[in-house]
Amino acid sequence: MFKNYLKTAYRYLIKTKVFSLINVLGLAIGMTACLLILHYVKYEKSYDTFYQNSDRIYRLRYERTSSDGSAVRFASCTPPAGALIRDNYPEIEKVGRIFRYRASVSYEDNKFLEDRLYFADDGFLEIFDIQFLSGNPLVDIRDPNNAFVSQSTARKYFGAENPVGKTLSIDKQHDFRITGVFKDIPENSHLKFDILASYEKCILMYGDDYHKAWGHTGVYTYVRIKPGADIAAFERKMVELAERECPWLAEYKMTIELKMQPLLDIHLTSHFMQEYETNGNRDSVNFLSIVVIFIIVMAWVNYVNLSTARSLNRAKEVGLRKVVGASRRQLIMQFFMETILLNIVALIIALGLLKISLPLFNHITGIPATFAIWNQPWFWQSLAILFAVGIVLSGLYPVAAMSSFEPTKVLKGKLGNSTSGISLRKGLVVFQFVMALILITATLTVYKQISFMRHQDVGFDMEQMLVVKAPRVRDGDTYPGRFQSFKETLLKNAHVASISHVTEVPGRQLYWDAGGIQKFGEDESLGKNYQIMGVDYDFADVFDLDFVAGRNFSKEFPTDQDALVLNETAVNWMGWESPEAAVGEKVQYWDQVYTIIGVLQDYHQQSLKEAFEPTIFRFMPHGRGVRGMIAVKVNTADIRETMQLVRNEYDAFFPGNPFDYFFLDDYFNQQYQADELFGKVFGLFAGLAIFITALGIFGLSSYSAVQRTKEIGIRKTLGASVSRILVLLTKDTLILLGFSFIITLPLLFYGLNNWLNGFANRMSLNGWLFFVPLVLVAGITLLTVSYQTIKSALANPIDAIKYE
């Protein structure tokens, strides 16, 4: 019997090639799109899940709130917190600390600027099960002169040689003996490091003052809690700890809170100051998860629509089978066999499409090759679920409908399209149109918003700006003179317009923040938090910044060492009515008093997604410690030659330092990468959804044209033109599209407004944003429907009248 079911199913699918092909393509593309999106979503949600006890690991964050309620929120913690928690709170199982240190690292002739060098203590190594290939990490990490390197870093510095026992020089000031090697940290970790040095060395380098100061941040602190620990209660204890350790908080009317952030939430939800890197976006991942459902449901809807539409064609077959003794159960088995066979073919095609498209998709989304989809348990589980649920959902209604035909009505020709069947098909078509309109409009909005931000005036000049990271290997006494000579040498070249030494350049949130700053003479409790940036005399000229009041730092005024420049937001934040009113006033910055000499027009330090931050500019012509950037404004089309000139002079004046550079426009626009990626992924699957919809519309229109063949012939005989017939057969579909548009409008307006409200600078929702998708879907629909309709309309009416 099974063999008979299979043979009959195969014959039917071969007989109806066009409709079978449409169903197979729709299901295959739907499954492929679904699996690709799941691949991206699963990767984004896989961050840090490979660590043991990851559900009990938390990052301890630092938040400082001023008396007016303004707060600064850090990803890092204050230095003394880790040791105090480890020794005094029984609910904590382990505490680990790391400190990021950007340094010039060298071994013989190999030198690189390392951004992934961290000082770590033994607690950190106990919390995170890093795979060490050699060494005794829990013992060796306690020695301040020891360090571990990753496999790739070992190859970078030592080639094929064994790195253990060799010495790396850090900034030509500190030597570390390599005592072990660890496997490269997976890409789906929020924390990636290449060199781990002893935290004891960090304590020696920065001293007790730094490691006992609650006003400092920068130490990333992780805790592993005991099972069943009350996180909310522990956070309340942290408030009490801060109040006990910082009695000055009451005087300034400030609060310090230590927040527990689950390790597994960091990648998708953490966007605080001093993050290691730009994290993902949970809303985007959740939205794509919804898109997964929409796309696969649209593929199933196609199948249901076409199957129910063609059910009348099989009515006589059902009637005859019942007359000769077939039970309803046997008919259900027969029709389900067709559904299963079709889904098997679709599944095989989907796997082929997945194999072909994965390399390109991984390149677009940045998913590493190590996260191979074929090795993931969820992939095979999802594939089985898609296959099984697809068979049930796509086959249940058509099978039930066809197997319920009454043979007497069928054989007498009294069976016609039921009202409920027609309504169902119309409802399913409306659903597809609604989804297509939503996806197209959302894609256009994402691209339009990114374009809007990129084309707004950011308030400074980033074109032809070469930025070189300031040398870390330097003699503090001779560096100012060396830099001045380096600057003068470059400026003699006609291709170099100007140079500035700053602590940071636009493109990221400023790392340096300070609280307790207020007007001189005001109550200290009125102090607020401000972003701080160190600049030199040429900063404003190099970046083409405008002063709205006062002046820039100048060599003509020796007192500018104790002066400040504010941006407009800082002036408002501090309470002055205008920039002019602020100039000449004094500001108390903890125990020091500064005079405001100028006010800069607000410019975008970060992307336009963020609002202006209150920023104070201090005169620090050679950076802050060894932290800094050198901005070189060039005025030539031959960037390569100019860059080589800068490199040569840099190597000559600052030997032992790697030449690490970037172009400011590229650096600044990197901030839009996450939104651009979301737009690309969203646009890709919106296109697939439209294709699936078009397949369904084509199938329905083809069937409708066949069903109305005789009607078309009669109308042509009576003088109807091709255009009239085209209008007749397409108007119902266009009416459904219009109804779908009415349903979609309020959903889109509400959803897109909510998304755009997350941007400090956002575009307005114009009418064309909604009508372009409507016109596009209408065009695709007309093109799809018209093909079969025109084909039928141009046929010989005599043949049409003889049809059936």
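The structure we're discussing is the one just above.
Please read these numbers as outputs of a predicted model, since none were measured by experiment. (Residues numbered from 1 in each chain as written. Predicted model: local features only at pLDDT ≥ 70, side-chain atom pairs only at ≥ 80, totals over all residues. Heavy atoms only, no water.)

### Some details on the environment of Q376
No. 1: Checked against the element boundaries, Q376 lands in the loop between helix 13 (328-365) and helix 14 (377-403).
No. 2: Taking the C-alpha atoms as reference points, Q376 and K42, 334 residues apart in sequence, are found 9.6 Å from one another. (Helix = DSSP H or I, 4+ residues; strand = E, 2+ residues; numbered from the N terminus.)

### Quick notes on the nonpolar core
No. 1: With 77 residues, the main nonpolar core has L27, M31, I37, L288, I295 and F685 as its most contacted residues.
No. 2: Where this core is concerned, the elements lending two or more residues are helix 2 (17-45), helix 11 (282-309), helix 13, helix 14, helix 16 (419-454), helix 23 (673-707), helix 25 (722-756) and helix 26 (767-793).
No. 3: By residue number, the principal contributor to this core is helix 2, which donates 14 residues.
No. 4: Excluding residues that lie within four positions of it along the chain, I37 makes contacts with L288, V291, V292, I295 and F685. (Core = buried A, V, L, I, M, F, W, Y, C linked by side-chain atoms within 4.5 Å. Buried < 20%, exposed > 50% of the residue type's maximum accessible area, 1.4 Å probe, protein only. Contact = heavy atoms within 4.5 Å.)

### Quick notes on the pairing of strand 3 (residues 92-100)
No. 1: By the criterion of burial, strand 3 is predominantly enclosed, with seven of the nine residues buried.
No. 2: For strand 3 and strand 11 (residues 219-225), the ladder comprises seven bridges, and the chain directions are antiparallel. Bridged to K94 within strand 11 is R224.
No. 3: In this structure, strand 3 lies alongside strand 6 (residues 117-120), joined through three bridges in antiparallel fashion. Note that in strand 6 the partner of I98 across the bridge is A120. (Pairing = 2+ DSSP bridges.)

### Let's talk about a nonpolar patch on the surface
No. 1: Together, I385, V389, V392 and L393 give the surface a local cluster of nonpolar side chains, amounting to about 320 Å² of exposed area.
No. 2: Relative to the helices and strands, L393 resides in helix 14.
No. 3: Taking the relative accessible area as the measure of exposure, L393 reaches 47% and is therefore partly exposed. (Patch = residues over 30% accessible without salt bridge, like charges linked within 9 Å, V, L, I, M, F, W, Y side chains within 5 Å. Areas by Shrake-Rupley, 256 points an atom, 1.4 Å probe, with all protein chains shown as cover. Salt bridge = Lys/Arg side-chain N within 4 Å of Asp/Glu carboxyl O.)

### Quick notes on a negative patch on the surface
No. 1: A contiguous patch of negative charge, built from D457, D541, D544 and D546, is present on the exposed surface.
No. 2: Tracing the backbone through its elements, the reader meets D457 in the loop between helix 16 and strand 13 (465-469). (Lys, Arg positive; Asp, Glu negative; His and termini not counted. Charge placed at Lys NZ, Arg CZ, Asp CG, Glu CD.)

### Digging into the pattern of salt bridges
Oppositely charged side chains can form a pair if their charged atoms are brought close together.
No. 1: This structure, assessed with the given rule, holds 24 salt bridges.
No. 2: A salt bridge links D122 to R142; the shortest N-O distance between them is 3.2 Å. Of the two residues, D122 sits in helix 4 (residues 122-127) while R142 sits in the loop between helix 5 (137-140) and strand 7 (146-150), which places them 20 residues apart along the sequence.
No. 3: For the salt bridge of K633 with D461, the shortest nitrogen-to-oxygen distance reads 2.6 Å. With K633 in strand 22 (residues 629-634) and D461 in the loop between helix 16 and strand 13, this residue pair connects regions lying 172 residues apart in the sequence.
No. 4: Look at K633 and you get buried, because its relative accessible area is 14%.
No. 5: Each of R102, D115, K469 and D660 takes part in one network of salt bridges that share partners.

### Looking at the packing of helix 17 (residues 479-491) against helix 21 (residues 639-653)
Packed helices, taken two at a time, are described by the angle their axes make and the gap between the axes.
No. 1: Across the interface, helix 17 lies against helix 21 with an axial gap of 10 Å and an inter-helix angle of 155 degrees. It follows that helix 17 is roughly antiparallel to helix 21 by the angle criterion. Crossing geometry of helix 17 relative to helix 21 is assigned as right-handed. Only L645, V646, E649, Y650 and F653 of helix 21 make contact with helix 17, whose side of the interface consists of R482, S485, F486, T489 and L490.
No. 2: The class makeup of the residues in the contact of helix 17 with helix 21 is six nonpolar, two polar and two charged. (Axes fitted to C-alpha atoms, helices over the stretch in contact; angles between N-to-C directions. Parallel < 35°, antiparallel > 145°, perpendicular 65-115°, else oblique. Left-handed = near helix turned anticlockwise from the far one by under 90°. Nonpolar A, V, L, I, M, F, W, Y, C, P; charged D, E, K, R; others polar.)

### Thoughts on helix 6 (residues 151-158)
No. 1: Every buried residue of helix 6 is accounted for by T153, A154, Y157 and F158. Burial along helix 6 is one-sided: seen end-on, the buried residues are contained in an arc of 100 degrees.
No. 2: On its buried side, helix 6 packs onto strand 4 (103-107), strand 5 (110-114), strand 7, strand 8 (167-170), strand 9 (174-182) and strand 10 (195-198).
No. 3: Within two residues after helix 6, G159 carries a phi angle of roughly 65 degrees, on the positive side. (Arc of directions from axis to C-beta.)

### Regarding unusual backbone geometry
No. 1: One non-glycine residue, E108, lies in positive phi territory at about 55 degrees.
No. 2: The topology assignment puts E108 in the loop between strand 4 and strand 5.
No. 3: In this structure E108 comes out as exposed when scored by relative accessible area, which is 67%.
No. 4: With phi around 50 degrees, Q464 is a residue other than glycine that occupies positive phi space.
No. 5: Structurally, the position occupied by Q464 is in the loop between helix 16 and strand 13.

### Structural notes on the side chain of S498
No. 1: Structurally, S498 is set in strand 14 (residues 496-502).
No. 2: In this view, S498 contacts L491, V542, A631, V632 and K633; residues no more than four positions away in its chain are not counted.

### Examining the environment of R73
No. 1: For R73, the position within the fold is in strand 2 (residues 71-74).
No. 2: C-alpha of R73 to C-alpha of Y62: the two residues are 11 residues apart in sequence and 6.3 Å apart in space.
No. 3: What R73 contacts, discounting residues up to four positions off in sequence, is R61, Y62, E63, F272 and M273.

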